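Below are the chains, spelled out letter by letter.
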Amino acid sequence: MQFSRYETAKGKTCNFGEVFAIDGGIHANNLVTLKDDKKFFPSSQPALTMKVETATVYYPELHTLFTDPISRLTVDVM
């Protein structure tokens, strides 16, 4: 039987698990994340990805549409 990392952490059968800071299960399960002060894990930043042709030829308005929400998208907001 396989357990989720949250069930395992609540049962105290593991010492640590890898999660992302935006993972809702952290707060929901009263867990804390540790600061990666040694920069062991690479930074993960959200990014919108699409073909240049899609953004420039077919939907040029997308740049303007996404600029404001992307600028306000922080780890705390996510």
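Read on for a plain summary of the structure.

Scoring rules and cut-offs
- Residues numbered from 1 in each chain as written.
- Predicted model: local features only at pLDDT ≥ 70, side-chain atom pairs only at ≥ 80, totals over all residues.
- Heavy atoms only, no water.
- Helix = DSSP H or I, 4+ residues; strand = E, 2+ residues; numbered from the N terminus.
- Rg over C-alpha atoms; globule rule 2.2 N^0.38 Å.
- Buried < 20%, exposed > 50% of the residue type's maximum accessible area, 1.4 Å probe, protein only.
- Patch = residues over 30% accessible without salt bridge, like charges linked within 9 Å, V, L, I, M, F, W, Y side chains within 5 Å.
- Areas by Shrake-Rupley, 256 points an atom, 1.4 Å probe, with all protein chains shown as cover.
- Salt bridge = Lys/Arg side-chain N within 4 Å of Asp/Glu carboxyl O.
- Phe/Tyr/Trp six-rings, centres within 6.5 Å; stacked < 30°, edge-to-face > 60°.

Side note on the overall build of the chain
Item 1. From N to C terminus, the chain includes four helices and zero strands.
Item 2. Along its sequence from the N terminus, the chain presents helices and strands in the succession α-α-α-α.
Item 3. Relative to its length of 78 residues, the chain is extended, with a C-alpha radius of gyration of 18 Å against a globular reference of 12 Å.
Item 4. The burial tally for the chain puts 8% of its 78 residues in the buried class.

Some points on a nonpolar patch on the surface
Item 1. Together, Phe20, Ile22, Leu73, Val75, Val77 and Met78 make up a nonpolar patch on the protein surface, roughly 550 Å² of accessible area in all.
Item 2. You can see Met78 is positioned in the segment after α4 (62-72).
Item 3. A relative accessible area of 35% places Met78 in the partly exposed class.

Observations concerning the packing of aromatic side chains
Two aromatic rings are characterised by how far apart their centres lie and by the angle between their planes.
Item 1. In this structure the tally under the stated criterion is one aromatic pair.
Item 2. Look at Phe40 and Phe41: their rings are 4.8 Å apart centre to centre, the planes differ by 85°, and that puts the pair in the edge-to-face class.
Item 3. Residue class for Phe40 comes out exposed when judged on its relative accessible area of 66%.

Looking at the pattern of salt bridges
Item 1. For the structure on display, the rule yields one salt bridge.
Item 2. Between Asp68 and Arg72 there is a salt bridge, and its shortest N-O distance comes to 2.9 Å. A residue pair is termed a helical-turn pair when its members lie 3 or 4 positions apart in one helix, as Asp68 and Arg72 do in helix α4 at four residues.

Notes on the environment of Thr33
Item 1. Relative to the helices and strands, Thr33 is located in the loop between α2 (24-28) and α3 (52-58).
Item 2. Residues Thr33 and Phe16 lie 17 residues apart in sequence; the distance between their C-alpha atoms is 9.7 Å.

Here we look at unusual backbone geometry
Item 1. Positive phi is not limited to glycine here, since Asn30 has a value of about 60°.
Item 2. Position of Asn30 relative to the elements: it lies in the loop between α2 and α3.
Item 3. On the basis of relative accessibility, which here comes to 73%, the residue Asn30 falls in the exposed class.
Item 4. The backbone phi angle of Lys39 is positive, close to 55°, even though this residue is not glycine.
Item 5. Its location among the elements puts Lys39 in the loop between α2 and α3.

That's the geometry; what it means functionally is another story.
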